[in-house]
Amino acid sequence: MTAAAQTRVPGQTAGHSALRRLVADPDAFRRDVWSREALLTRAGELPEGFTDLFSESALDELVSRRGLRTPFIRVARDGTTLPNHAFTSGGGVGAGIADQVDDAKLSALFAGGATIVLQALHRTWSPVLDFSQQLAHELAHPLQVNAYVTPPQSRGFDDHYDVHDVFVLQVSGRKHWRIHAPVVDAPLRDQPWTAHRAAVEQAAAEPPVIDAVLEPGDCLYLPRGFIHAATALGDVSTHLTMGIHPWTRHHLARELLDAALDELAGDPGIRTSFGAGVEVDDPFAIVGDVETVRERLAAAVRSVPADEIARRLGDRRRSATRPAPVGPVAQLRASQAPDAD
C-alpha cells in the first residue's frame, strides 16, 4: 500500500477523478454515453471498488446507533413502499420524537425480505458526502445518493424508470438487473413512470437491452427514462445509487418565461383588468387579449439577455447543490484566530 493510499480519506479519490471511479473512459462517457445510452462497467475496468464509500457495517451503524429518522430511511417489499410506522417508533426518554428507526421492527422486516433504503446518504455519511461533492463538481449537475440493501432472492421495486440519471455502484453481494429502453425519452420530474404504468409493464415484457448480474465493484449507468428492476442473488446485496438531476433546456425555458413575466409586470397594458362581466372561459371573449399578450410576451422573451438567464440558473444551482460542510465550532475558532491564509 502506498503512502497516498494510507493517508487517503474515505470517499476521496486516489490520483484520479470521481467519474473515473465509475467509468473506464470519462472522456468517451461524456461524449458518447451521457444522457443517451445505458452502460455497464465491470470492476476490472475500474481503479478500485466502493467499500470505502459504504458497507454493511455502515448501514448497521446508521440505523442502530445514529438515531436515523424518516425521510432518511424507507423500507420496500414486493414493489411497495411500507408505511413509516412499520419500522419506526418513539426515540425514548428525552428524544421527544416518534419516527426514529426501531431496531426490532426493521430487523424483522429485513429478515422477511424487505429492502432497506437509506435516502440522502450524501447528508448523513461522510465518505459518500465527500465523493458525491467531487462527482457533482465534475459533472456540473446536482446529485443525491441513496443506499439499497436487499436480502437474498428479494426485489424491492417493480419495473420502473427514474426521472433522473443514475449510477449504480455495487458495493457487496450480487444483483440481477434487467434494463429496458425508455417509453418516455428524457422524462421531466413531473412525468413519472406511474403516469405510463401500462406502457412500462409492456416494455418490461420485451427482451432487455441489458440483462446482467452486478458483482462487487461493478458500476451501471442509466439515463433517465430507462426502465429497470433488480433482484438480489444468494446473499445480501448492497448498492449505492447516485441520482444525477441534470440541468435541461426546460430549466432554461422556465427561467426565460419567468424573466419575461417579470418584465411584463412593468407594462400597464398587461396589468389592466378585463372588463366587467367578461367570460374568461369563452375563447371568443378573450381572443383579442390572448393575441395582445402573446405578442408582448414574445417580445419580452426575445429581449431577455442570456446573462440574466445565467444569473437565475446560478441562483437555482446554488440552492440545489449541497454546500461544503461547515462546522460551526471550527468556523468560530478560525474567525477568532485568522492566520495569513
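A.B. asks: Hey, could you run me through the confidence of the model for the protein chain in this one?
C.D. replies: Regions with low pLDDT should not have their predicted coordinates read in detail. Mean pLDDT over the protein chain works out to 91, with 94% of the residues at or above the 70 mark. Counted against residues more than four places away or in other chains, residues 1–10, with its pLDDT under 50, gives 10 contacts.

A.B. asks: It is not clear to me how the pairing of strand E11 (residues 227–244) should be interpreted in this structure. Could you clarify?
C.D. replies: The side chains of a regular strand alternate, first on one face of the sheet and then on the other. Counting buried residues in E11 gives 15 out of 18 residues, a clear majority hidden from the surface. Pairing geometry for strand E7 (residues 143–150) and E11, over eight bridges, is antiparallel. Within E11, the position partnered with Leu 143 by the bridge is Ile 244. Strand direction decides the pairing type here: strand E8 (residues 165–180) and E11, joined by 14 bridges, are antiparallel. Each bridged residue has a counterpart across the sheet, and for Ile 179 the counterpart in E11 is His 228.

A.B. asks: How do you make sense of the nonpolar core when you look at a structure like this?
C.D. replies: General note: in soluble globular proteins, nonpolar side chains tend to be found buried as a group. Grouped together as the largest cluster of nonpolar side chains are 47 residues, with contacts concentrated most on Phe 54, Leu 118, Leu 121, Leu 135, Phe 167 and Leu 240. Element by element, the count of residues in this core is highest for helix H5 (residues 126–139), at five residues. If sequence neighbours within four positions are ignored, Leu 121 has contacts with Phe 54, Leu 62, Val 128, Val 145, Ala 147 and Leu 240. Counting 12 residues, the second largest nonpolar core, distinct from the first, contains Ile 179, Ile 210, Ala 212 and Leu 220.

Thresholds, definitions, all that
Residues numbered from 1 in each chain as written. Predicted model: local features only at pLDDT ≥ 70, side-chain atom pairs only at ≥ 80, totals over all residues. Heavy atoms only, no water. pLDDT = per-residue confidence, 0-100. Contact = heavy atoms within 4.5 Å. Buried < 20%, exposed > 50% of the residue type's maximum accessible area, 1.4 Å probe, protein only. Helix = DSSP H or I, 4+ residues; strand = E, 2+ residues; numbered from the N terminus. Pairing = 2+ DSSP bridges. Core = buried A, V, L, I, M, F, W, Y, C linked by side-chain atoms within 4.5 Å.

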